[in-house]
Amino acid sequence: MRKKLFLLVAVFTLFLTACGNSSKEATHVKLGVVGDKNDQWEYIQKELKDKENIDLELVKFTDYRGPIVALEDGSIDLHAALTEIFMEEVNKEGGYSNTTIAYTTLNPMGVFSEKIDSLDDLRDGAVVALPNDVSNESRALLLLQTAGLIKLDPDKGLLPSISDITENPKNLNFKSMAANQTARSLGDADIALINNDMASDAGFVPTQDSIYLEPVAESSKPYYNVIAARQDEKDKDIYQTIVKYYQTDEVAKIIDEMTNGSSIPVWDKEQ
């Protein structure tokens, strides 16, 4: 009788312990992303669930500002969709505390066209579609300068605007619009400068379909994409676990296959 009672107590104790551990270990994290192609994060979702009992929910946005505001107001816990320079500019404008906890990829911006095959064929007075947020418009203008189409006021550094164009020999006609509209403008514009992920969502492979692609150099670092948290949560262990599962050779391979080499892992270049 005593032996049976002992076994019942032992089994009941194990049951309570298992239930308690399951409840304690299950963790839900909301991650903001932009665009529909997230193969790397879907792989990480499964890895985190199987190995860490972390439920990673992907919250999809159609614009770049949305994840910053959502992180600040607590609607999401992390985001992984933005360049550092863009995030920092929106932080300044809104007084936000979005903080980089890791780097992910460099996604070169491209020049696309349905009307010409080379920038050498760009006509005088051509219509040029640009993303209209501060950092992406500046990035697009700097890319056009690198391509030799315009010159910009050097005093403006990484954040020139259309008004800072000092030379425009082809009299290009600039049309600014939301970044998620630039690909749709190709029917009307002669060329469009399209962010890498927006181009991918539109069915383009930037390394193959662009007529000019942003060069990769040391000066590219402000355009590294980041994983970000709120300032007061940047050191959370669970977030560092997610970073660890992201920054792997397997994820780098998935990114390369998903983007046909158009997106470049940069976490080994953080320092």
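Up top is the structure these notes are about.
All of these numbers come straight from a predicted model, not from anything done at the bench.

**Quick look at the overall build of the protein chain**
Part 1: Helices and strands together make up the secondary structure of the protein chain, namely nine helices and 13 strands.
Part 2: Sequence-distant contacts in the protein chain: of pairs separated by 6 or more residues, those separated by 24 or more amount to 74%.
Part 3: Accessible surface, the protein chain as shown: approximately 13800 Å² in total, 49% of it carbon and sulfur.

**What to know about the packing of aromatic side chains**
Part 1: Taken as a whole, this structure holds five aromatic pairs when the rule is applied.
Part 2: Ring centres 5.6 Å apart and planes at 80° place the aromatic pair Tyr103 and Tyr224 in the edge-to-face group. Of the two residues, Tyr103 sits in strand E4 (residues 98–106) while Tyr224 sits in strand E12 (residues 224–230), which places them 121 residues apart along the sequence. Pair check on accessibility: Tyr103 and Tyr224 agree, each one buried.
Part 3: Centre to centre, the rings of Tyr246 and Trp267 are 5.3 Å apart; their planes meet at 80°, and the pair counts as edge-to-face. Here Tyr246 is found in helix H8 (residues 237–246), whereas its partner Trp267 is found in the segment after strand E13 (264–265), with 21 residues between them in sequence.
Part 4: An aromatic cluster of three or more residues is present, and its members are Trp41, Tyr246 and Trp267.

**Comments concerning the sheet that holds strand E3 (residues 78–83)**
Part 1: The six strands are arranged E2-E1-E3-E12-E4-E13 in an open sheet whose pairing can be described as mixed. Each having just a single partner strand, strand E2 (54–61) and E13 make up the two edges of the open sheet.
Part 2: Both E4 and E13 contribute to a ladder of two bridges, which runs antiparallel. The partner of Thr105 across the bridge, within E13, is Pro265.
Part 3: Packing against the sheet, helix H2 (residues 39–52) makes contact with strand E1 (27–34), E2, E3 and E12, and its axis sits at approximately 160° to E2.

**Observations regarding helix H9 (residues 249–259)**
Part 1: Of all the residues in H9, the buried ones are Val251, Ala252, Ile254, Ile255, Met258 and Thr259. One side of H9 holds all its buried residues, which, seen down the axis, span an arc of 160°. Along H9, exposed side chains directed more than 90 degrees from the buried face belong to Asp249 and Glu257.
Part 2: Tucked inside the fold, the buried residues of H9 contact H2, E4, H8 and E13.
Part 3: Just downstream of H9, Asn260 is the residue with a positive phi angle, here 55°.

**Digging into the sheet that holds strand E11 (residues 212–213)**
Part 1: What the five strands build is an open sheet, ordered E9-E6-E10-E5-E11; its pairing is mixed. Sheet topology places strand E9 (173–177) and E11 at the edges, where each strand pairs with a single neighbour.
Part 2: Packed on one face of the sheet, helix H5 (residues 134–146) meets strand E5 (110–112), strand E6 (127–131), E9, strand E10 (191–194) and E11 and runs near 135° to E6.

**Considerations on the pairing of E10**
Part 1: The alternating pattern of E10 places Ile191 and Leu193 and Ala192 and Ile194 on opposite faces, both of which are buried.
Part 2: When E6 meets E10, the two strands line up parallel, connected through two bridges. Bridging from a neighbouring strand, Ala129 pairs with Ala192 of E10.

**Some points on unusual backbone geometry**
Part 1: Here Asn53, not a glycine, exhibits a phi torsion of approximately 55°, which is positive.
Part 2: Tracing the backbone shows Asn53 in the loop between H2 and E2.
Part 3: The residue Asn260 is not glycine, and still its phi comes out positive at about 55°.
Part 4: Tracing the backbone through its elements, the reader meets Asn260 in the loop between H9 and E13.

**Concerning a nonpolar patch on the surface**
Part 1: Taken together, the side chains of Val134, Leu158 and Leu159 define a hydrophobic patch exposed on the protein surface, amounting to about 210 Å² of accessible area.
Part 2: By the secondary structure assignment, Leu159 is in the loop between strand E7 (151–152) and strand E8 (165–167).

**Some remarks on the packing of helix H4 (residues 84–94) against H5**
Part 1: Contact geometry of H4 with H5 gives a least axis separation of 8 Å together with a crossing angle of 140°. Here H5 runs oblique to H4, going by the angle between their axes. Along the contact surface, H4 presents Ile85, Phe86, Glu89 and Glu93, while H5 presents Val134, Ser135 and Asn136.

Reading the values: rules and limits
- Residues numbered from 1 in each chain as written.
- Predicted model: local features only at pLDDT ≥ 70, side-chain atom pairs only at ≥ 80, totals over all residues.
- Heavy atoms only, no water.
- Helix = DSSP H or I, 4+ residues; strand = E, 2+ residues; numbered from the N terminus.
- Contact = heavy atoms within 4.5 Å.
- Areas by Shrake-Rupley, 256 points an atom, 1.4 Å probe, with all protein chains shown as cover.
- Phe/Tyr/Trp six-rings, centres within 6.5 Å; stacked < 30°, edge-to-face > 60°.
- Buried < 20%, exposed > 50% of the residue type's maximum accessible area, 1.4 Å probe, protein only.
- Pairing = 2+ DSSP bridges.
- Axes fitted to C-alpha atoms, helices over the stretch in contact; angles between N-to-C directions.
- Arc of directions from axis to C-beta.
- Patch = residues over 30% accessible without salt bridge, like charges linked within 9 Å, V, L, I, M, F, W, Y side chains within 5 Å.
- Salt bridge = Lys/Arg side-chain N within 4 Å of Asp/Glu carboxyl O.
- Parallel < 35°, antiparallel > 145°, perpendicular 65-115°, else oblique.

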